[in-house]
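Residues per chain, in single letters:
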Amino acid sequence: MTKILIVEDEPRIASFVSRGLEAAGYETVVVEDGADALAAALRGDADLVLLDVGLPTMDGFEVLRELRSRGSVVPVIMLTARSSTRDTVEGLDAGANDYVPKPFVFEELLARVRSRLRETVPQPGVAISHGDVVLDILARRATVAGREVDLSAREFALAEQFLRNPGRVLSRELLLSRVWGMDFDPGSNVVDVYVRYLRKKLGADRIETVRGAGYRFKG
């Protein structure tokens, strides 16, 4: 049975989410403390983590950064009352797969859980490349002409989309869906901002702007 780790220090919310997920056929484990959450997630038996930001001992951002730094690729959905763009970006940059602000409708949360669980977990040793740009998917390592470059979690995910679709025009909407896994304000420029970051790190001429359509990776 698919196991979901619920990290939430508000008993009412934790119980509500746990009952709903169990009714949908999932096994759930609830923890209330950040340090306990990290230990539970690192055991590796959870298929997905629902992670609140405001926690005792360690907040959700700290838990997530530590989890990713230790190589865990378990899908993580952040749950938080903080809905500012800065907090959303911080969570995604730390390695979150999705971000659900409180209060939320349970059916939407359940849909996001199903969506994240459907995503393919990278297999050990898998690398993708185009030209002299190489991404080691498991190690989350990027190199350009043999030189390692430091990419944030979102930069890496965006680069992965480009390398998996070389020469293809990818729209901003498609990139938002695949990389951020959530619906941003249509007026958001988050994709453009991260493309600029990637150009600085991978090379300015590698990602072409296709006016009115999106971006294309030329390699």
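Structural data are supplied above this passage.
Thresholds applied
- Residues numbered from 1 in each chain as written.
- Predicted model: local features only at pLDDT ≥ 70, side-chain atom pairs only at ≥ 80, totals over all residues.
- Heavy atoms only, no water.
- Core = buried A, V, L, I, M, F, W, Y, C linked by side-chain atoms within 4.5 Å.
- Buried < 20%, exposed > 50% of the residue type's maximum accessible area, 1.4 Å probe, protein only.
- Helix = DSSP H or I, 4+ residues; strand = E, 2+ residues; numbered from the N terminus.
- Contact = heavy atoms within 4.5 Å.
- Axes fitted to C-alpha atoms, helices over the stretch in contact; angles between N-to-C directions.
- Parallel < 35°, antiparallel > 145°, perpendicular 65-115°, else oblique.
- Left-handed = near helix turned anticlockwise from the far one by under 90°.
- Nonpolar A, V, L, I, M, F, W, Y, C, P; charged D, E, K, R; others polar.
- Phe/Tyr/Trp six-rings, centres within 6.5 Å; stacked < 30°, edge-to-face > 60°.
- Pairing = 2+ DSSP bridges.
- Expected span 1.5 Å × (residues − 1).

**Digging into the nonpolar core**
Within the largest apolar cluster, 29 residues are counted, with the highest numbers of intra-cluster contacts made by Leu135, Leu151, Leu158, Phe162, Val191, Leu198 and Leu202. At the level of secondary structure, the elements contributing two or more residues to this core comprise β7 (133-136), β8 (141-144), α6 (153-164), α7 (172-180), α8 (190-202) and β12 (214-217). The element contributing the most residues to this core is α8, with seven residues. Filtering out sequence-adjacent residues up to four positions away, Val191 remains in contact with Arg172, Leu175, Leu176, Trp180 and Tyr215. Membership of the second largest hydrophobic core comes to 23 residues, among which are Leu5, Phe61, Val63 and Met78.

**Focus on the packing of helix α1 (residues 11-23) against helix α5 (residues 106-118)**
Between two packed helices, the angle of one axis relative to the other and the distance separating the axes together describe the packing. It is at 11 Å that the axes of α1 and α5 come closest, and there the two elements cross at 60°. In terms of their interaxial angle, α1 and α5 are classed as oblique. Here α1 runs over α5; the crossing is right-handed. On α5, the residues that touch Phe16, Val17, Gly20 and Leu21 of α1 are Phe106, Leu109 and Leu110. Among the residues forming the contact of α1 with α5, the class breakdown is six nonpolar, one polar and no charged.

**Focus: the packing of aromatic side chains**
Scanning the entire structure with this criterion turns up three aromatic pairs. Here the aromatic rings of Phe162 and Phe217 are separated by 6.2 Å at their centres, their planes lie at 25°, and the arrangement is stacked. In this pair, Phe162 is assigned in helix α6 and Phe217 in strand β12, connecting sequence segments 55 residues apart. In this pair, the class of Phe162 matches that of Phe217, namely buried. Taken together, a centroid distance of 5.1 Å and an interplanar angle of 70° make the contact between Tyr194 and Tyr197 edge-to-face. A residue pair is termed a helical-turn pair when its members lie 3 or 4 positions apart in one helix, as Tyr194 and Tyr197 do in helix α8 at three residues.

**Remarks on the pairing of strand β11 (residues 207-210)**
Both faces of the sheet carry side chains from a regular strand, because those side chains alternate between them. Strand direction decides the pairing type here: β11 and β12, joined by four bridges, are antiparallel. Counted as the bridge partner of Glu208 is Arg216 from β12. If you look at the hairpin formed by β11 and β12, you'll find three residues sitting between the two strands, and Gly212 has a positive phi there, around 75°.

**Notes on the sheet that holds strand β10 (residues 169-170)**
Within a beta sheet, neighbouring strands are joined by backbone hydrogen bonds and run either parallel or antiparallel to one another. With antiparallel pairing, three strands are arranged side by side in an open sheet as β10-β12-β11. Because the sheet does not close on itself, it has two edges, and the strands there are β10 and β11. Bridge count between β10 and β12: two bridges; the pairing is antiparallel. By the bridge assignment, Leu170 is partnered in β12 with Tyr215.

**Examining the sheet that holds strand β3 (residues 48-52)**
What the five strands build is an open sheet, ordered β2-β1-β3-β4-β5; its pairing is parallel. In the strand order of this sheet, the two ends are held by β2 (27-31) and β5 (98-101), each with one partner. Put simply, the sheet's adjacent strands are angled 20° from each other on average, direction ignored. As paired strands, β3 and strand β4 (residues 76-80) are joined by four bridges and run parallel to one another.

**As for α8**
Under the 1.5 Å per step criterion, the end-to-end length of α8 is 18 Å for 13 residues, consistent within 8% with the ideal 18 Å. Of the positions making up α8, those classed as buried are Val190, Val191, Asp192, Val193, Tyr194, Val195, Leu198 and Leu202. Downstream of α8 by a residue or two, Gly203 has a phi angle that is positive, lying close to 125°.

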